[in-house]
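# What the coordinates show
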Amino acid sequence: MKIMKANAGALTNFELLDFLNSRGASKDTTRVIAPIARSEYKVYDYLVETAASTQTRESVNKSADKCKDFKLAKAEILNIINLWPSSIVELLPIIENLDDREIDTDGILELVKDLLPPLPTAESPRENDEEETENGEQS
């Protein structure tokens, strides 16, 4: 692989996950054979459980372009794409000096809901409790 431009900028979690996939990282049991470092597998395992696993290049690029309309800094756009805030409480720590800037936070949250795919679902602890009682085990 030839490096075209070193340190061209920060990567989104989706881009990092895509890069690790291109190098051979996967959930496959034969992943020991792939030329990936153990630390890269740990990063891969983490990213597969986050929003990056359901994002597409198109949704990431479109979200970044639309976020520019809100006059956000590059780091703020990157964090919105990576963290995927679904409420104002999750959005407020991402945007610096929100009181001094006129930013439509509701518009940003609406943008996230419209453009980015839904978060990966995880089993709730409640569902696990019900399964245990059905099998005759008590919690």
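Rules and cut-offs
- Residues numbered from 1 in each chain as written.
- Predicted model: local features only at pLDDT ≥ 70, side-chain atom pairs only at ≥ 80, totals over all residues.
- Heavy atoms only, no water.
- Helix = DSSP H or I, 4+ residues; strand = E, 2+ residues; numbered from the N terminus.
- Buried < 20%, exposed > 50% of the residue type's maximum accessible area, 1.4 Å probe, protein only.
- Areas by Shrake-Rupley, 256 points an atom, 1.4 Å probe, with all protein chains shown as cover.
- pLDDT = per-residue confidence, 0-100.
- Contact = heavy atoms within 4.5 Å.
- Polar contact = N/O pair within 3.5 Å; in protein donor to acceptor, adjacent residues only side chain to side chain.
- Salt bridge = Lys/Arg side-chain N within 4 Å of Asp/Glu carboxyl O.
- Expected span 1.5 Å × (residues − 1).

With that settled, the discussion passes to the overall build of the protein. A count of helices and strands for the protein gives seven helices and zero strands. Moving toward the C terminus, one meets the helices and strands of the protein in the order α-α-α-α-α-α-α. Looking at the protein as a whole, 29% of its 139 residues are labelled buried. A total accessible area of about 10,100 Å² is found for the protein, and carbon and sulfur atoms account for 50% of it.

Below, the discussion takes up the confidence of the model for the protein. Mean pLDDT for the protein: 77, with 72% of residues reaching 70 or above. Counting contacts from residues 123–134, a segment whose pLDDT is below 50, to residues more than four positions away or on other chains yields four contacts.

Once that is clear, we can look at the side chain of S59. Locating S59 in the fold gives a position in helix α3 (residues 57–68). Using a relative accessible area of 9% as the deciding quantity, one classes S59 as buried. Within the structure, S59 has its side chain in polar contact with the backbone oxygen of T56 (distance 2.9 Å).

What follows covers the pattern of salt bridges. Oppositely charged side chains can form a pair if their charged atoms are brought close together. With the rule as written, the count across this model stands at two salt bridges. Salt-bridge contacts for D18 lead to R57; the nearest nitrogen and oxygen are separated by 2.6 Å. One end of the pair, D18, is in helix α1 (residues 13–22); the other, R57, is in helix α3, with 39 residues separating them in the sequence. With relative accessibility at 40%, the residue R57 sits in the partly exposed group. Among the salt bridges present, the one from E76 reaches R101, with a minimum N-O distance of 2.9 Å. Of this pair, E76 sits in helix α4 (residues 74–83) while R101 sits in the loop between α5 (88–91) and α6 (105–115), placing them 25 residues apart in sequence. Residue class for R101 comes out partly exposed when judged on its relative accessible area of 25%.

Right, let's talk about α3 for a bit. In this model α3 runs 17 Å from its N-terminal to its C-terminal C-alpha over 12 residues, within 8% of the 16 Å that 1.5 Å per residue would give. Considering only its buried residues, α3 is in contact with α1, α4 and α6.

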